[in-house]
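Survey of secondary and tertiary structure
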Amino acid sequence: MSDAFRSQRVASRSSVAPDLERSGSARHDIPASTPLDEARSKARLEVERLRDEVALLKERLAAIPLRTRGMIATKGVWINASARAQLGKHPWAKLAAAFLASYVFGKVIQKVPFGLVAAVLVGRGRHLR
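Residues numbered from 1 in each chain as written. Predicted model: local features only at pLDDT ≥ 70, side-chain atom pairs only at ≥ 80, totals over all residues. Heavy atoms only, no water.

Further remarks concern the overall build of the protein. Across its full length, the protein holds four helices and zero strands. Listing the helices and strands of the protein from first to last along the sequence gives α-α-α-α. For the protein, with 129 residues in total, the buried portion stands at 2%. Here the protein has roughly 12000 Å² of accessible surface; of this, 65% comes from carbon and sulfur atoms. (Helix = DSSP H or I, 4+ residues; strand = E, 2+ residues; numbered from the N terminus. Buried < 20%, exposed > 50% of the residue type's maximum accessible area, 1.4 Å probe, protein only. Areas by Shrake-Rupley, 256 points an atom, 1.4 Å probe, with all protein chains shown as cover.)

Listed below in structure tokens is the structure:
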């Protein structure tokens, strides 16, 4: 290598180095807040907000079983009282009798021929007019 070429390489290195030496590091030239830093801080805030929201939802979900236990107990008492008020002293026996009667009526209707039922209904329609 020639001496002229070596001096050019040293000069080119020294032209960059004084800037670094003066500032102490290359980071002083970069602004303190870059778009990437802003995006990261926004993302951190969003994550914190979502964590707070999840914690609040967990608290609400934990309270639901406690509330429903009380509601179910009071609702059961109300339903029982309502049935007794509507059907009298033995409401479940009366309901069972109504179910049995509807079952027997359904079986009887199934045994009646459809043609006979249709003829009766059509005949009644003519007499009503």
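In this section: a nonpolar patch on the surface. Where nonpolar side chains cluster on the molecular surface, the patch consists of Leu100, Tyr103, Val104, Val108, Val112, Leu116, Val117, Val120 and Leu121 and spans about 820 Å² of accessible area. Elements supplying a minimum of two residues to the nonpolar patch: helix 3 (91–111) and helix 4 (114–128). Relative to the assigned elements, Val108 resides in helix 3. (Patch = residues over 30% accessible without salt bridge, like charges linked within 9 Å, V, L, I, M, F, W, Y side chains within 5 Å. Salt bridge = Lys/Arg side-chain N within 4 Å of Asp/Glu carboxyl O.)

Let us now look at the pattern of salt bridges. The tally for this structure, following the rule as stated, stands at two salt bridges. We note a salt bridge from Arg49 to Glu46, for which the minimum N-O separation is 2.7 Å. Here the residue Arg49 and the residue Glu46 both occupy positions in helix 2 (residues 35–87), the gap between them amounting to three residues, near one helical turn. For Arg49, the salt bridge goes to Glu53, with nearest N and O atoms at 3.1 Å. Taken together, the positions of Arg49 and Glu53, both in helix 2 and four residues apart, correspond to about one turn of that helix. For Arg49, a relative accessible area of 43% gives the class partly exposed. For Glu53, a relative accessible area of 38% translates into the label partly exposed. One salt-bridge network, in which partners are shared between bridges, spans Glu46, Arg49 and Glu53.

Examined against the element boundaries, Ser41 turns out to sit in helix 2. In this structure the side chain of Ser41 is engaged in a polar contact, spanning 2.8 Å, whose partner is the backbone oxygen of Glu38. (Polar contact = N/O pair within 3.5 Å; in protein donor to acceptor, adjacent residues only side chain to side chain.)

The pLDDT averaged across the protein works out to 75; a share of 68% of its residues lies at or above 70. When pLDDT is averaged over each element of the protein, helix 3 comes out on top at 90 and helix 1 (residues 3–23) at the bottom at 49. (pLDDT = per-residue confidence, 0-100.)

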